[in-house]
Each structure stands twice: as structure tokens, then as C-alpha cells.
Amino acid sequence: MLLFISSPGAFAQQLDSRDILDHVDDLFRGHSSYGTSSMKVVTSHYSREMTLEAWSKDKDYTLIRILKPLKEKDTATLKAGNNIWNYLPKVNRVIKVPSSMMGGSWMGSHFTNDDLVKESRMADDYTYEITFQGEKDGKSIIELTLLPRPDAAVVWGKVTVCVRQDDWMPLSIDYFDEQMVKKRTMSFSDIKELGGRTLPARLRMIPTDKPGEYTEFIYLDIDFNLGLENDFFSLRNLKK
Amino acid sequence: MITFKIAWRNLWRNSKRTFITMTAMVLSTIVLIVSYALMLGMMDDMQHSITDISVGQAQVHHPRYLLERSIYDMISNPQQILEKARSAGIEASPRAFGFGLLSSGSKSAGVQFWGIDPILERSTGEMAKYLLKGTYLPDHAGLSIVLGRKLARTLNADIGTELVVVVQAADGSLGNELFLVSGIMKGIGETLDRSLALIHRDDFADLFVFPDRFHEIALNSKNTLTPDEITSFISQVSGDNEVKTWHELMPGVSDMLDVWKGGMLIFLAIFFLAAGLGVLNTMLMATFERIPEIGLLKAIGTTPWRILREISAEAFLLGILSSLIGGLIGTALSVYFQHYPIDLSRFAEGFSMSGTAFSANVSATVTISGIIWPVVLMWLVSFLAALYPAIKAARLDPVRAMTHV
């Protein structure tokens, strides 16, 4: 109690930062959502472009289906809780991704299967504090530095989140490993109206140790709060 | 000539003594030849099981491949290397490797796929002979798969089981296909038993979107060339790729084999020494026994030189005769063991290590030197062993020699 009284300013700042993190977390998340997006993967060995449609409900359920290219059409991924299943139309089989393959790339992108599963709220998993506030590269920004809580099941040693000062719109998130070496950057751009919200439509994941490589999502359209039920996310629907 | 005639007659004058001496020498020669051939055979077997199952005498890789095992680190000019090898009669088998998931029902396992050319693989290595059941890959692509023994058990797979294959293809897509199990391998090393999945190179190319590219070329001249000769020959066209002998590829196994060989040579030396000393002893005793007889010869006026000649001729004949008989029997036995290995599986099953299987059969390897050495050695030992007492007797005073006991 004494602590709060002695530093009321710090308390206000805590509330503020939590709101910022929740805002970033909830931006693409309604109670449920449906959207289509294009995914572009560029690596030193290949580059590929896909069109995806995706349904999600809270943070527990996601169903992603490939629309293009034709060769991979209808290939789908279902995430329910901590499990992932892939549907392979060519052989007409559903395969549960074993834990040994969770670290593997999802559809050749820079995201792993684990990235899909380990979606959670930043404000719950990390302690946070505002470490910068002001002008950077001609924009007024707020920078938050997040450190993992001791009991949180997260892989990062540190995360920094950059948002616009006036509307808390995310600009970039940097991920560091436990040795505090930067591993990847997620950058947000192309802010526009989508599904009744103002959103950055373009998300780009840049792995730090692979120069020139990235995975980019561009939201084509998105709808929120469709009232999807849990049983929509079933193996039956995965096969379509 | 008369000397040899007399020597020959002398030998059969005391046929019992001659027979005993001969038996000792013949047996020693046989033991030497057979044990030498068996030890050589064991060493050959070990080396053979390393080089001839899958490793080959030498291998070509992209310099980074063995470190990172990335599918993109492939051999830049496989066709050129294959042709160069063929021009020198070296068998060469190109292989493409990729990691992926194999699943059957609710069971799944991470495996290493080998995309191979079954015809070239069969002529380079003997993996096809190490089938536990089923058949090896057919010569043409047809979505057949051959599994390591423990992998098959993990997947609960048997011949004809349908397996779903999911891999990350080289173009980033999710390669997937159904394969039918055509064969299951015997134990050929822990890693391979757990992770080996052999498929046809064309199936591999479709699955991984990786046509006509390879990560490894195994080279095997079937011992017409040494690994080093192959390496320097292939290096002429290998460009940036790395050519390494199996010694460099498997330093642990190679060192172990060297230690083993050293140990065997020591055993062999002890055998030779023991056999040589045995014959020496027999010859010495046989000649010493004749000292009174030599004294009598001297007393009736035989010159020492003549006595020496006489006894040497006897030893010479005896040595030649017994080492030849021993050589013949020993060779025959060795040849027999070469064709019909001694089966030790009653005592211990064969074991496998680092991708190589050692069999529980001990077979002999017959070499010219492995026969000539024991024969010559036996003959030499018997001759020298007779010479010493003969010289001694020839110089003795006849009266003392005659009463010598």
C-alpha cells in the first residue's frame, strides 16, 4: 500500500501500459473473426505467395485454409488448444502435428507451428514498463519493454513493443532470446479501415539472422464477432 | 645328390622319430595358415561391413552438408562425378536426403528419407541384402518405401502398410504422399534402424520438389582401389564438393578397427613364435638324440663337413616335406572356411554400430602371402634348429660323442 501512495505516478503508468498491450493484442482478435489474407514468404531458397482464409475464436481456436495456389488448395490447419492438425487434400488425410515437429515451419513461412499454438496475452505473460516516449524517425511513439514473468511459458527473453503515441497503433515488435540477442522483428504498416476497425493491414515478420528473408501477411478483408461456436473448429470442418 | 639319397634313407631308418617330428611341424604349419587366414578374414569382414553396406569407401558431399544437413546444400555437379567414377569402374550411388514425418494411424515418427537409385545403390552397397522381410525397392518409382527395423516397430508397420508422408519440400510447400511399405531392414546401426526410410529417387524428387539433385555420392571400387586413390581420382572433377574416405567420415569406427587390427597382429605374432619354438624344440631333441650315432660316423672316418651336410640335408628334406604337407592341408582348410564361414551365432548374435552391421560368422581370407610365410618359416626354423646340434656334434671328439647320453 505504502508503495502505491508514495508513487501514484508509477501506478497510473502501469495501467496505461497494460491498456496499450491489450489494445495491440485485441486489434486482430474479436470474440471471433473470419478473414482472408495473402501470405508472401521470401527466403534465400524460394519465395512463394499464398491466399488464405482463416476463422478464429478467442485465442483457443483457429482454422486456416489455403485458397491459392491451386497445387495446395484446401490444405488446412486446425488449432484447438495446444494441438495442431493439418489436412492434406492430395492424400485425403488429417495428420496431427507431433510435438517433435512443433518447432518446424508452418507452410514454409517464418512462423513455426508453436507460434500458432502459443498465442497469449502479452500483459499476462510479461512484466512491462514504458522505456521510451517521444519522437523517433519522425513519429511520436511509445516504446514498452517486456520481460517474461518467472512462471510464464514463453520462449523469449525480452520483447519490445512500439506503438504510435496518439492512437496506440502498433508499429513494430522486436523479439529477443534469453541472451538478449534480437531474433526477429514484426513490423506493422498500411493502416486502414477493415471490418469496421482501423488496423495495420500489412504485417511483416523479419528474422534477424537471415538478411533479406521475410514473411508478410496482408489482410484483404476481415469480419469480427460472427458468433462462431466451438464445434465449428472440428476435424470434420477441417476436411471441408 | 648322393647326400640327399642317404638323407632320405636316414629319415626312414627311425620312422617313428621322423613321424613325430613331421607331425609337429605339419600341425604347426596348419595352425599358422588357418589362424592367419581367419584373422585376416575377420579384419576383412569388419572393413567390409563398414564400407560395403552403405558407407562405401569414400563419399562426396557439399562441404557444409554434413555439418548442417540442409536440403539446399547439394552436390553441384553430380552427373560429372558419376561419369568420372564410372569411367574408372568405381561403383557410385547418388543419394538425396530429406527429413519429414511418417505416420500410420495415430502413430507417427520423424524420419530421414533417402532418395536412391535402386540399381546403382545395389551395385555400390549391399543394403538390399540386409532385408529382414519383404522386398527391396523396385527399379522404377512406385511409391514404395523400405523402413529401418525399429522405425517399422514404432509405426506398427508391416509389409503392405500404407503410410502418410509429410515433408517440408524444397520450394517451401507441404509435400505429402501415400507410400506402401515394401520392405523392412535388419539391424544395421542404431541411427539407421530408427530413422531410415528408403524411397526411389524419382519419388523423392516429386515429394521434395527436388529433381536430379543429390546430397551424397557413395563410392565403392570393391577394393580394386584404396579409399585414398578413389578420393584423389574423384577430386579431379568434384569442384567445390568435398570427397572424404570412410576413415575421415567415421573416425571413431576407423580408429577402433585400427586398434583391433593391431591387437590381432600381436596375437598372430605370438602364434608364430609359439609354433616356431615348438618345432625348434622337436628338431633340437631329435638331433641331440643322434649325437652318439654321429660320433660313430666320425669314428669310422667321416669328415665333420660331410656330417654337417648329411644332417642339414635331412633337416632340409624333413622341413620341406612337412611344411608342404602342412601348407596343403592348411590351405585346403582355409579355403573351406572361406566358403563355409564358422557360425558363432550360437554364442553371440552379430552386433551393429554406427551404420554398420558385424556378422556372427567368421570366414577366412586366403592370400598367397598367408600361405607362403608359414611354410617358409616352418622350413627355415626346422633347418636352423637342426644345424646347431649338427655343428656341435661334428666338432665333438668321437669317443665322447659315442658315449654322449
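Keep in mind the model is a prediction, meaning the values are calculated, not measured.

Trainee: Is there a simple way to explain the overall build of chain B in this structure?
Mentor: Regarding its fold elements, chain B presents 15 helices and 14 strands. In terms of overall size, chain B is more extended than a compact globule, its C-alpha atoms giving a radius of gyration of 31 Å where 405 residues would be expected to give roughly 22 Å. Once the C-alpha set of chain B is aligned to its principal axes, its extents read approximately 105 × 45 × 30 Å. Relative to its 405 residues, chain B shows a buried fraction of 52%. If you sum the accessible surface of chain B, you get close to 19,000 Å²; carbon and sulfur atoms cover 63% of it. The averaged location of the 36 negative side-chain charges in chain B is 17 Å from the averaged location of its 32 positive side-chain charges.

Trainee: Just to check I follow, could you spell out the overall build of chain A for this structure?
Mentor: Helices and strands together make up the secondary structure of chain A, namely 5 helices and 13 strands. Taking all 240 residues of chain A together, the buried fraction comes to 48%. With 32 positive and 35 negative side-chain charges, chain A shows a separation of 8 Å between the mean positions of the two kinds.

Trainee: Where do I start with the packing of helix 11 (residues 251-288) of chain B against helix 14 (residues 368-394) of chain B in this structure?
Mentor: Any two packed helices are characterised by how steeply their axes cross, that is the angle between the axes, and by the distance between the axes. All names here are of chain B. Where helix 11 contacts helix 14, the axes come no closer than 8 Å and their chain directions differ by 35°. The interaxial crossing formed by helix 11 with helix 14 has right-handed handedness. Here Phe272, Ala275, Gly276, Val279, Leu280, Met283, Leu284, Thr287 and Phe288 of helix 11 come into contact with helix 14, specifically with Pro374, Leu377, Met378, Val381, Ser382, Ala385, Ala386, Tyr388, Pro389, Ala390 and Lys392.

Trainee: Sorry, what's going on with unusual backbone geometry here?
Mentor: The omega angle of the peptide bond from A:Lys68 to A:Pro69 is 0°, so this bond is cis rather than trans. The backbone phi angle of A:Asn225 is positive, close to 50°, even though this residue is not glycine. Tracing the backbone shows A:Asn225 in the loop between strand 13 (214-224) and helix 5 (235-239). Even without being glycine, B:Asp212 reaches a positive phi, approximately 55°. Of note, B:Asp212 is situated in the loop between helix 8 (201-208) and strand 9 (216-220).

Trainee: What exactly am I supposed to notice about the pairing of strand 10 (residues 242-245) of chain B here?
Mentor: The side chains of a regular strand alternate between the sheet's two faces. All names here are of chain B. Across the two faces of strand 10 the burial differs, with Val243 and Thr245 buried and Glu242 and Lys244 not buried at all. In this structure, strand 1 (residues 58-61) lies alongside strand 10, joined through 4 bridges in antiparallel fashion. Residue pairing across strands places Gln59 opposite Lys244, the latter belonging to strand 10.

Trainee: Just checking my understanding: could you explain the confidence of the model for chain A for this structure?
Mentor: Fine structural detail should not be taken from predicted coordinates in areas where pLDDT scores are low. Residues and elements named next belong to chain A. With 94% of its residues at a pLDDT of 70 or more, chain A shows a mean pLDDT of 84. Confidence, expressed as mean pLDDT per element, reaches its minimum in chain A at helix 1 (residues 2-6) with 41 and its maximum at strand 10 (residues 170-176) with 91. This stretch, residues 1-12, has a pLDDT under 50; its non-local contacts, to residues over four places away or in other chains, come to 1 contact.

Trainee: Help me understand a nonpolar patch on the surface, please; the structure alone is not making it clear to me.
Mentor: Residues and elements named next belong to chain B. A cluster of nonpolar side chains, contributed by Val31, Ile266, Ile270 and Phe271, occupies part of the molecular surface with about 370 Å² of accessible area. Per element, the largest residue contribution to the nonpolar patch is 3 residues, and it comes from helix 11. The topology assignment puts Val31 in helix 2 (residues 15-55).

Trainee: How should the environment of A:Tyr87 be read in this particular structure?
Mentor: Residue and element names in this part refer to chain A. Here Tyr87 is to be found in strand 5 (residues 83-88). Taking the C-alpha atoms as reference, Tyr87 lies 9.1 Å from Arg65; in sequence the two are 22 residues apart. Discounting residues that sit within four places of it in the chain, Tyr87 has contacts with Asp74, Thr75, Ala76, Asn92, Arg93, Val94, Leu238 and Lys239. At a separation of 3.1 Å, a polar atom in the side chain of Tyr87 contacts the side chain of Asn92.

Trainee: For this particular structure, what's the right way to read the pattern of salt bridges?
Mentor: Think of it this way: side chains of opposite charge can pair up when their charged atoms draw near. Tallying each qualifying case throughout the model produces 27 salt bridges over all chains. When the shortest N-O distance is used, the salt bridge between B:Asp139 and B:Arg122 registers 3.2 Å. Note that B:Asp139 is positioned in the loop between strand 4 (131-134) and strand 5 (144-147) and B:Arg122 in helix 5 (residues 118-124), a separation of 17 residues in sequence. Judged by relative accessible area, which is 31%, B:Asp139 ranks as partly exposed. Each of A:Arg18, A:Asp22, A:Asp26, A:Arg121 and A:Asp124 takes part in a single network of salt bridges with overlapping partners.

Calculation rules
Residues numbered from 1 in each chain as written. Chains lettered and ligands numbered in written order. Predicted model: local features only at pLDDT ≥ 70, side-chain atom pairs only at ≥ 80, totals over all residues. Heavy atoms only, no water. Helix = DSSP H or I, 4+ residues; strand = E, 2+ residues; numbered from the N terminus. Rg over C-alpha atoms; globule rule 2.2 N^0.38 Å. Buried < 20%, exposed > 50% of the residue type's maximum accessible area, 1.4 Å probe, protein only. Areas by Shrake-Rupley, 256 points an atom, 1.4 Å probe, with all protein chains shown as cover. Lys, Arg positive; Asp, Glu negative; His and termini not counted. Charge placed at Lys NZ, Arg CZ, Asp CG, Glu CD. Axes fitted to C-alpha atoms, helices over the stretch in contact; angles between N-to-C directions. Left-handed = near helix turned anticlockwise from the far one by under 90°. Contact = heavy atoms within 4.5 Å. Pairing = 2+ DSSP bridges. pLDDT = per-residue confidence, 0-100. Patch = residues over 30% accessible without salt bridge, like charges linked within 9 Å, V, L, I, M, F, W, Y side chains within 5 Å. Salt bridge = Lys/Arg side-chain N within 4 Å of Asp/Glu carboxyl O. Polar contact = N/O pair within 3.5 Å; in protein donor to acceptor, adjacent residues only side chain to side chain.

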